[in-house]
Amino acid sequence: GWLTRPRKVASAIPSSHVLETRLGSRIQELDPRVLIELGPGTGGTTRALLDRIRPDARLLAIEILPEFVDQLRHIEDPRLSVVRADAIDLMRILPQREIDHADVIVSGIPFSTMPPSTARFLVSQIHQALAPGGHFIAYQFRDMISRYASDSFGDPTVSYVPWNLPPLRLYQWQKASVSASRLDHEASTRGDACCVG
């Protein structure tokens, strides 16, 4: 997949067991009911996520490459739904799958190879698709995603996965909760900015 479509596939080498274990542990801590994976590739990370989510959870995997979709559909788990689509159509896909919002969105899509406008639009779709307080987790070889996501999510928590080939970073953001958003809105409408005069 990487040889034929290097802009759509993050690496020629599948995700390492170390990354899969780290992702699985992170997801187990967050305990989502609805989880979305963007760009799952050959399904190594998908299996790791399924190993750690609750029995009544849902995992929606969105993959654009048909050869990867075929592999993903061989994973036998009733919690998994696989859709062949472009991730930028996320908000169109959710109602088709009777999903209002996701608790967690995981992405392995290489943001560094996207045109900036496409990358920012995808981040906006992810932010819109997340429930208040939901988490966005991305594993990336380069740091481009930080500049694309900062406007919507703020600064990420970043950890390193040095034993992946090549080494990568694991980024995590949390969408503001309803109460935090409401407080920010109320403060702006009241004009709470400090004035000296």
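Right, let's walk through the structure included here. (Residues numbered from 1 in each chain as written. Predicted model: local features only at pLDDT ≥ 70, side-chain atom pairs only at ≥ 80, totals over all residues. Heavy atoms only, no water.)

1. A short note on unusual backbone geometry
Working step 1: Even without being glycine, D31 reaches a positive phi, approximately 55°.
Working step 2: Its place among the elements puts D31 in the loop between helix 1 (17–30) and strand 1 (34–38).
Working step 3: With a relative accessible area of 37%, D31 lands in the partly exposed category.
Working step 4: You will see that E98, though not glycine, has its phi angle at about 55°, which is positive.
Working step 5: Locating E98 in the fold gives a position in the loop between helix 4 (90–96) and strand 4 (102–107). (Helix = DSSP H or I, 4+ residues; strand = E, 2+ residues; numbered from the N terminus. Buried < 20%, exposed > 50% of the residue type's maximum accessible area, 1.4 Å probe, protein only.)

2. As for the pattern of salt bridges
Working step 1: Within this structure, the stated rule accounts for five salt bridges.
Working step 2: Across the pair D31 and R54 runs a salt bridge whose closest N-O atoms are separated by 2.5 Å. Here D31 is found in the loop between helix 1 and strand 1, whereas its partner R54 is found in the loop between helix 2 (44–52) and strand 2 (58–63), with 23 residues between them in sequence.
Working step 3: R54 is the partner of D56 in a salt bridge, and the nearest nitrogen-oxygen pair spans 3.8 Å. (Salt bridge = Lys/Arg side-chain N within 4 Å of Asp/Glu carboxyl O.)

3. Quick word on the packing of helix 5 (residues 116–129) against helix 6 (residues 144–153)
Working step 1: At a closest axis distance of 9 Å, the pairing of helix 5 and helix 6 adopts a crossing angle of 40°. Accordingly, the angle class assigned to the pair helix 5 and helix 6 is oblique. When you trace helix 5 past helix 6, the crossing you get is right-handed. Residues P116, A119, R120, V123, I126 and H127 of helix 5 pack against Y148, A149, S152 and F153 of helix 6.
Working step 2: Partitioned by chemical class, the residues of the contact of helix 5 with helix 6 number seven nonpolar, two polar and one charged. (Axes fitted to C-alpha atoms, helices over the stretch in contact; angles between N-to-C directions. Parallel < 35°, antiparallel > 145°, perpendicular 65-115°, else oblique. Left-handed = near helix turned anticlockwise from the far one by under 90°. Contact = heavy atoms within 4.5 Å. Nonpolar A, V, L, I, M, F, W, Y, C, P; charged D, E, K, R; others polar.)

4. A closer look at the sheet that holds strand 7 (residues 168–174)
Working step 1: Taken together, seven strands build an open sheet; the order of strands is 3-2-1-4-5-7-6 and the sheet is mixed. Only two strands of the sheet have a single neighbouring strand rather than two, namely strand 3 (80–84) and strand 6 (157–161). Neighbour-to-neighbour, the strand axes of the sheet open up by a mean angle of 15°, direction not taken into account.
Working step 2: As paired elements, strand 6 and strand 7 share five bridges and run antiparallel to each other. Its bridge partner being in strand 7, V161 is matched across the sheet by L168.
Working step 3: Most of the contacts of helix 2 go to strand 1, to which it runs at about 170°, and overall it touches strand 1, strand 2, strand 3 and strand 5 (130–140). (Pairing = 2+ DSSP bridges.)

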